[in-house]
Amino acid sequence: MQILNRRAMELPKTQLMDVLEEAIAKKQEIIAQRDRIYGKDRVRIMSGPENLLLPETFGFDMNDYYKNPELALETELRKRIFWLDNCQDDSNYSMTFPAVASVYYDMTLFGVDIAYTRDGVPNMAEHPFSQNRDLSLLGTFDFKQTGEMPWVISQYEQQQRIAQEQYGGKLSFTFPEFTRGPLDIYVQLRGYENFIMDYYEDPEALKEAIDFIVERRLAYRKARLEYLGQKEDSGFSWICDDWINFPFITEELFEEIAVPAYQKIQEKEGAVTFFHTCGNMEPIAARMAELFPKLEFLEVSGWNDYDKIDAAVPKARAIRFCSIISEILLGSKEQHRKKLEAVARAAKGRKTELYPASFVRLDPTLEESMFKFNDYMNLAREIFAET
């Protein structure tokens with residue numbers, strides 16, 4: 001059984017920066033060695049810890065993490081050291097940190113109230129929009145005041161100060177971007193059953209609401225640039241829309257509702273270079289390559305048939321295949337091999353990455369789950385090297 005390196009939980013705060021720098025350098029050496037063994041064009045295995053892992057691992061209340069920028073920054077340093085010490089993937093960290101924002105902060109920009117458990121589980125209150133399809137219920141948008149934005153901005157500004165005072169100014173920070181897709185937001189606001197009924201009974205009202213959501217996304221992007229003092233936009237965008245999930249939607253619904261919204265995002269924000277859904281996207285995988293001509297990575301969840309995705313998407317497009325954490329930690333070696341062999345087949349002639357999953361503990365001990373996680377990645381390397 002793998003023995004965890006637990007120094008990230010025990011190190012004095014004053015040592016975290018130096019230890020992280022050393023861990024980053026060591027990991028870079030490991031990655032370079034793998035490049036020499038397997039080749040630089042190999043299938044990269046990238047992963048990271050789920051935020052739900054943090055409270056139980058480092059012993060804090062997630063509500064404190066969201067309110068206390070000093071705790072959040074210290075935890076991020078410890079998390080990175082822990083991951084570099086224990087995970088055998090190909091990812092590495094830098095000294096750039098994302099501003100602290102909850103996973104669903106963007107939902108709060110439409111009036112969704114979220115209460116978090118100690119362990120970080122979000123409990124979203126029912127929105128009045130679910131009972132009354134009145135767009136005025138979604139409120140107005142003020143970048144500095146709407147939803148969770150006051151404390152997101154406060155965290156960002158305070159962490160920059162803390163980085164100067166306590167960590168020698170070696171850290172830099174990025175501010176959250178709005179990447180969540182409009183279907184994801186609408187279903188959360190209205191409920192899935194209402195979403196489907198709206199599509200069949202009043203599709204024009206549904207389109208109007210989806211456009212409202214897209215407009216707020218665009219307003220956020222513009223306000224973010226102004227807040228950061230950036231005169232030029234990046235010229236590209238990401239979309240993460242988990243309700244692109246068949247058979248819960250149809251190809252007709254996708255074309256009539258999602259496609260116009262995506263086209264507007266691409267027109268106003270810039271080329272979509274990354275698309276993610278946690279759902280099954282097999283029926284429209286080929287369409288995504290047409291819709292987003294500059295797509296660099298299509299992120300495909302473990303609920304898809306990888307061979308079907310590979311057959312549908314042109315080889316010129318890169319694919320990141322994601323696994324399902326429960327299959328990794330609770331599944332058999334035979335199940336693992338079957339899935340990983342499909343990734344290996346897709347990797348022939350295509351830039352490919354494997355994202356095993358965002359890691360959480362499902363076994364009685366953290367050691368057991370981490371051992372299984374690393375074992376899965378090592379099996380993947382063996383399979384990729386064989387094919």
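A few points on the structure. (Residues numbered from 1 in each chain as written. Predicted model: local features only at pLDDT ≥ 70, side-chain atom pairs only at ≥ 80, totals over all residues. Heavy atoms only, no water.)

For the second largest pocket, the calculated volume is near 370 Å³. In terms of lining, the second largest pocket is formed by 19 residues, of which the most central are Tyr-38, Asp-41, Arg-42, Val-43 and Phe-384. Contributing elements (two or more residues each) for the lining of the second largest pocket: strand 11 (352–355) and helix 15 (366–386). At three residues, the largest contribution of residues to the lining of the second largest pocket is made by helix 15. (1 Å grid on protein atoms, 1.4 Å probe; cavity = no way out; pocket = protein on both sides within 12 Å on 5 of 7 lines; lining within 4 Å. Points joined across faces, edges and corners; volume = space filled by probe spheres on them. Helix = DSSP H or I, 4+ residues; strand = E, 2+ residues; numbered from the N terminus.)

As a packed pair, helix 6 (residues 149–166) and helix 9 (residues 203–228) sit with axes 14 Å apart at the nearest point and diverge in direction by 30°. Classified by the angle their axes make, helix 6 and helix 9 are roughly parallel. In this structure, helix 6 crosses over helix 9, and the sense of that crossing is right-handed. Two secondary-structure elements touch here, helix 6 through Met-149, Ile-153, Tyr-156 and Glu-157 and helix 9 through Tyr-220, Tyr-227 and Leu-228. In the contact of helix 6 with helix 9, the residues fall into six nonpolar, no polar and one charged. (Axes fitted to C-alpha atoms, helices over the stretch in contact; angles between N-to-C directions. Parallel < 35°, antiparallel > 145°, perpendicular 65-115°, else oblique. Left-handed = near helix turned anticlockwise from the far one by under 90°. Contact = heavy atoms within 4.5 Å. Nonpolar A, V, L, I, M, F, W, Y, C, P; charged D, E, K, R; others polar.)

Overall, parallel pairing links the six strands, which are arranged 1-11-10-9-8-7 in an open sheet. Across the chains shown, the open sheet's two edge strands, defined by having one partner strand only, are strand 1 (44–45) and strand 7 (236–240). Judged from the four bridges that link them, strand 10 (residues 318–322) and strand 11 form a sheet pairing that is parallel. Bridged to Ile-319 within strand 11 is Thr-352. (Pairing = 2+ DSSP bridges.)

Counting across every chain of the model gives 32 aromatic pairs. Ring plane angle 90° and centroid distance 6.5 Å describe the contact between Phe-110 and Phe-178, whose orientation is recorded as edge-to-face. Remark: Phe-178 occurs in the loop between strand 6 (172–174) and helix 7 (182–190) and Phe-110 occurs in the loop between strand 3 (96–98) and strand 4 (114–116); sequence separation between them is 68 residues. For the residue pair Phe-110 and Phe-178, the accessibility class agrees, reading buried in each case. Geometrically, the ring pair formed by Tyr-156 and Phe-175 is edge-to-face, given 5.1 Å between the ring centres and 85° between the ring planes. A residue pair is termed long-range when its members are at least 10 positions apart, and Tyr-156 in helix 6 and Phe-175 in the loop between strand 6 and helix 7 qualify at 19 residues. Both residues of the pair, Tyr-156 and Phe-175, count as buried. Each member of the aromatic cluster is reached from another via a ring pair, and the members are Tyr-105, Phe-110, Phe-141, Phe-143, Tyr-156, Phe-175, Phe-178, Tyr-220 and Tyr-227. Above the face of the Phe-297 ring, Arg-320 is positioned so that its terminal group lies 4.8 Å from the ring centre. When the ring centre of Tyr-306 is taken as reference, the NZ or CZ atom of Lys-339 above it lies at 5.3 Å. (Phe/Tyr/Trp six-rings, centres within 6.5 Å; stacked < 30°, edge-to-face > 60°. Buried < 20%, exposed > 50% of the residue type's maximum accessible area, 1.4 Å probe, protein only. Lys NZ or Arg CZ within 6 Å of the ring centre and 35° of its normal.)

Now for the pattern of salt bridges. For the structure on display, the rule yields 38 salt bridges. Between Glu-56 and Arg-361 there is a salt bridge; the shortest N-O distance is 2.9 Å. In this pair, Glu-56 is assigned in helix 3 (residues 53–58) and Arg-361 in the loop between strand 12 (358–359) and helix 15, connecting sequence segments 305 residues apart. Judged by relative accessible area, Glu-56 falls into the partly exposed class, the value being 42%. Accessibility expressed as a relative area gives 31% for Arg-361, which makes it partly exposed. A single salt-bridge network, built from bridges that share partners, covers Arg-34, Asp-35, Arg-42, Arg-44, Asp-90 and Arg-381. (Salt bridge = Lys/Arg side-chain N within 4 Å of Asp/Glu carboxyl O.)

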